[in-house]
Amino acid sequence: MNKNDVLIILGSSSPRRKELIKKLNIPYRIIIPHIDERLLDDYFFINKDNLNIKEYPLKEAILKANSILSNYKLKDNEILLTLDTAIIFNNKIYNKPKDKEEAINTLKEFSSSFHECISGYQLIYQNKIIKRSVITKVYFNKLSTSLINKYINEINVYDKAGSYAIQDDKKYHLINKIEGSYYNVIGFPLEDIKKDINSIINE
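In this text, all values refer to a predicted model and were calculated from it rather than measured experimentally.

S.K.: Quick question: what am I supposed to make of the side chain of lysine 160 here?
M.R.: Secondary-structure assignment places lysine 160 in the loop between helix 5 (145–154) and helix 6 (169–172). Look at lysine 160 and you get buried, because its relative accessible area is 11%. Sequence-distant contacts of lysine 160, defined by excluding residues within four places in its chain, comprise Asn95, Lys96, Pro97, Ile155, Ala165 and Asp168.

What follows is the structure, encoded as structure tokens:
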């Protein structure tokens, strides 16, 4: 089977992922998973001494897939893609900020340092499964208090994990450089997903 014959089921409600999946040039449809993320949080808390926090996004991607498959049976030409992305710094996950103070503190912590953007995704096609984690290192410039305040006042950071979005950075120059996939920082490691889709349908 080739790419023209398959349909991707994207398990995500993210508007950014809905845009980026179009770059695969493969037909797709959306099924939004319904999961209780507290179950995963509890799992990590209980097992924190034996688990690497970098596994969190992949485990959440698997949880999303299980949620969808509990109510939907994949057709032979369908690929289920679920994924999750986390911003990790000093062994801590940075979620969407709950208020301005948290956003300011996050950007101050990231200043003059680097953090990791980690996406975990799972592909299921027929009887085949691919699981992968992709890491991009994001190096921040030294950020002044005035720049941080300007950024937070002008950009809606409250729907962005880590209190920033790389696509907004041309004007503000928070980021010095990245090591790895640009698209991964947006939450959709396009290059790896494309390669794995080609692999899974051509095996």
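S.K.: Can you help me understand the packing of aromatic side chains in this one?
M.R.: The geometry of two aromatic rings is summed up by the distance between their centres and the angle between their planes. Under the defined criterion, the tally for this structure stands at nine aromatic pairs. Look at phenylalanine 114 and tyrosine 139: their rings are 5.0 Å apart centre to centre, the planes differ by 35°, and that puts the pair in the tilted class. Separated by 25 residues along the polypeptide, phenylalanine 114 in strand 5 (residues 114–125) and tyrosine 139 in strand 6 (residues 128–140) bring together distant segments of the chain. Residues phenylalanine 140 and tyrosine 164 carry aromatic rings whose centres are separated by 5.1 Å and whose planes lie at 75° to one another, so their mutual orientation is edge-to-face. A residue pair is termed long-range when its members are at least 10 positions apart, and phenylalanine 140 in strand 6 and tyrosine 164 in the loop between helix 5 and helix 6 qualify at 24 residues. Using a relative accessible area of 4% as the deciding quantity, one classes phenylalanine 140 as buried. Among the residues examined, tyrosine 164 registers a relative accessible area of 5% and is labelled buried. Feature note: the residues Phe89, Tyr94, Phe110, Phe140 and Tyr164 constitute an aromatic cluster, connected by ring pairs.

S.K.: What is the right way to look at the pairing of strand 1 (residues 7–11) in this model?
M.R.: As a general feature of sheets, a regular strand has side chains that alternate between the two faces. Of all five residues making up strand 1, four are buried, and the element is well covered by its neighbours. In this sheet, strand 3 (residues 78–89) lies alongside strand 1 in parallel orientation, the contact comprising five bridges. Bridging from a neighbouring strand, leucine 10 pairs with leucine 81 of strand 3. Note: strand 1 against strand 2 (residues 28–30), three bridges, orientation parallel. Bridge pairing links isoleucine 9 to arginine 29 in strand 2. Regarding topology, helix 1 (residues 15–20) serves as the crossover connection from strand 1 to the parallel strand 2, and that connection is right-handed.

S.K.: Mind showing me how you'd approach the environment of isoleucine 87 here?
M.R.: Its location among the elements puts isoleucine 87 in strand 3. By relative accessible area, which is 4% here, isoleucine 87 ends up buried. Here the alpha-carbon distance between isoleucine 87 and tyrosine 125, two residues 38 residues apart in the chain, equals 28 Å. Discounting residues that sit within four places of it in the chain, isoleucine 87 has contacts with Lys92, Ile93, Tyr94, Phe110, His115, Glu116, Cys117, Ala161, Gly162 and Tyr164.

S.K.: Teacher, can you tell me more about the nonpolar core here?
M.R.: In summary, soluble globular proteins display a tendency toward joint burial of nonpolar side chains. Leu24, Leu81, Phe140, Tyr164, Leu174 and Phe188 are the most contacted members of the largest nonpolar core, which has 45 residues in total. What leucine 174 contacts, discounting residues up to four positions off in sequence, is Tyr139, Phe140, Asn141, Leu143, Leu147, Tyr151, Tyr164 and Asp169.

S.K.: What's the story with the pattern of salt bridges in this structure? I'm lost.
M.R.: Two side chains carrying opposite charge are able to pair once their charged atoms lie near each other. The tally for this structure, following the rule as stated, stands at 10 salt bridges. When the shortest N-O distance is used, the salt bridge between lysine 98 and glutamate 102 registers 2.8 Å. The class of glutamate 102 is partly exposed, set by a relative accessible area of 25%. What emerges from the salt-bridge pattern is a single network uniting Lys150, Glu154 and Lys171.

Parameters at a glance
Residue positions within a chain follow its written sequence, with the count starting from 1. Local features in a predicted model are, by the rule used here, given only for residues with pLDDT of at least 70; side-chain atom pairs are given and counted only at 80 or more, and totals for whole chains, interfaces and linings are based on all residues. To get the side-chain values, take all heavy atoms of the structure and skip hydrogens and water. Numbering goes from the N terminus for both helices and strands, where a helix is a DSSP run of H or I of at least four residues and a strand is a run of E of at least two. A simple rule labels every residue: compare its accessible area, found with a 1.4 Å probe on the protein chains alone, to the largest value its type can have, and call it buried under 20%, exposed over 50%, or partly exposed in between. Here a residue-residue contact requires only that any non-hydrogen atoms of the pair lie within 4.5 Å. Planes of paired rings set the category: under 30 degrees apart is stacked, over 60 is edge-to-face and the rest tilted, where pairs are Phe, Tyr or Trp rings (Trp by its six-membered ring) whose centres lie within 6.5 Å. Two strands are counted as paired when DSSP detects at least two bridges linking them. When the strands point away from the viewer and the path from the first strand over the helix to the second turns clockwise, the crossover is right-handed. Only buried residues count toward a nonpolar core. Its members are Ala, Val, Leu, Ile, Met, Phe, Trp, Tyr and Cys residues joined through side-chain atoms within 4.5 Å. Whenever a carboxyl oxygen of Asp or Glu lies within 4 Å of a side-chain nitrogen of Lys or Arg, that contact is scored as a salt bridge.

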